[in-house]
Amino acid sequence: MSSVSIEAAKATAIRSRSKPSGLAPNYWPFVVPALIVIAAVIVFPWVFTLWMSVNSWTLGQAQAFSGWDNYLRLATDTRFWDSLWHTVLYTVLAVIGPLFLGTLAALIFDAQFPLRGLLRGIFVMPMMATPVAIALVWTMMFHPQLGVLNYLLSLVGIGPQEWIYNQTSVIPSLVLVETWQWTPLIMLIVLGGLAALPREPYESAEIDGANAWQKFRYLTLPMIAPFLMVGVIIRSIDAVKSFDIIYAMTQGGPGTASETINIYLYNTAFSYYDIGYGSAMAVVFFVVIVALSFVLMMVRARTNWSDTETR
């Protein structure tokens, strides 16, 4: 066969491959069910919530379009602003506690010692329990007369505390439960970061005579900063929308001392049956969560290993 015939055959083959095949697979039958589920579970509820937020509707009464009245009502609702402050306070404390204790636990469990694997497994058990079960157990432990916590305090000469039954101590007590449950999560995240750290900087620091604190302050802490930010993001988003433990233990009480936005929203919509006002509150709360997530992701983007390597 001549070289001209070979080139002609190659060109024919290329043209045949470039033509669309009539038997090309059609992926729409696989995509459409997923789109229907997303529309039914996510899109429709939010569109309906937005619509209800601009309507005045209490169950048992006629629905009427009210425009921005529900949002203007939020601006002057002192109980809403109190619940917002409770949410911020609860979130900040519920992030700081697990972050500090989880990092400390990760540093301890990163060392080599007997039964380390068993102790790690025991340590992560709290985050495997269901929130309602945790709330019931801790509610019994917080009981002023029959709770085991006051008994333990009495052994060291400290008087009984009111815990979740006092307006001053209720949020710190709830944060204590949150910290107990989610400190293992931060520990696992930081442990993953510690396992990924290079060993060369530590060897150089030991040659230069650095002590344990200096190695942690100038090497370990900057290099695990990205992992700490991941933990902060996860805990912040989870704490700001916390509902089950708070509702099961206090239902926002005593009074409204532990009433976060979630609890106030739930009470408004399902206890007072003010669906329109509750929907407006849900929309505002969603905007708050999105804004918080955006800020945290921006901070996370600025915290990476390239930053630590230039220090």
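In this text, all values refer to a predicted model and were calculated from it rather than measured experimentally.

Re the environment of W182
- Note on placement: W182 falls in helix α8 (residues 170–195).
- Look at W182 and you get buried, because its relative accessible area is 19%.
- Considering only alpha carbons, one finds W182 and A94, 88 residues apart in sequence, at a separation of 8.9 Å.
- In this structure, W182 is in contact with P98, M127, R235 and D238, ignoring residues within four places of it in sequence.

Quick word on the environment of N211
- With respect to the helices and strands, N211 occurs in the loop between α9 (200–207) and α10 (212–223).
- Looking at N211, the relative accessible area reads 40%, which means it is partly exposed.
- Here W213 takes part through its backbone nitrogen, which lies 3.3 Å from a polar atom of the side chain of N211.
- Engagement of the side chain of N211 in a polar contact is seen with the backbone nitrogen of Q214, the distance being 2.7 Å.

As for unusual backbone geometry
- A cis geometry characterises the amide bond from G253 onward to P254, with omega recorded as -5 degrees.
- One non-glycine residue, L115, adopts positive backbone phi at about 60 degrees.
- Considering the arrangement of structural elements, one finds L115 in the loop between α4 (78–109) and α5 (116–123).
- Phi angles above zero are rare outside glycine, and Q251 is one such case at about 55 degrees.
- One can find Q251 in the loop between α12 (244–249) and α13 (261–271).

What to know about the packing of α4 against α13
- Contact geometry of α4 with α13 gives a least axis separation of 8 Å together with a crossing angle of 145 degrees. Counted together, R79, F80, S83, L84 and T87 of α4 and I261, Y264 and N267 of α13 form the full contact between these two elements.
- Broken down by class, the residue content of the contact of α4 with α13 amounts to four nonpolar, three polar and one charged.

Regarding the pattern of salt bridges
- A complete count under the given rule lists six salt bridges for this structure.
- Residue R79 is joined to E259 by a salt bridge in which the shortest nitrogen-to-oxygen separation is 2.6 Å. Of this pair, R79 sits in helix α4 while E259 sits in the loop between α12 and α13, and the two are 180 residues apart along the sequence.
- The partner of R235 in a salt bridge is D238, and the shortest N-O contact between them spans 2.9 Å. Taken together, the positions of R235 and D238, both in helix α11 (residues 225–240) and three residues apart, correspond to about one turn of that helix.
- A residue is classified by how much of its surface remains accessible, and D238, at 25% relative accessible area, is partly exposed.
- What you see here is one network of salt bridges that share partners, running through E178, R235, D238 and K241.

Rules behind the numbers
Residues numbered from 1 in each chain as written. Predicted model: local features only at pLDDT ≥ 70, side-chain atom pairs only at ≥ 80, totals over all residues. Heavy atoms only, no water. Helix = DSSP H or I, 4+ residues; strand = E, 2+ residues; numbered from the N terminus. Buried < 20%, exposed > 50% of the residue type's maximum accessible area, 1.4 Å probe, protein only. Contact = heavy atoms within 4.5 Å. Polar contact = N/O pair within 3.5 Å; in protein donor to acceptor, adjacent residues only side chain to side chain. Axes fitted to C-alpha atoms, helices over the stretch in contact; angles between N-to-C directions. Nonpolar A, V, L, I, M, F, W, Y, C, P; charged D, E, K, R; others polar. Salt bridge = Lys/Arg side-chain N within 4 Å of Asp/Glu carboxyl O.

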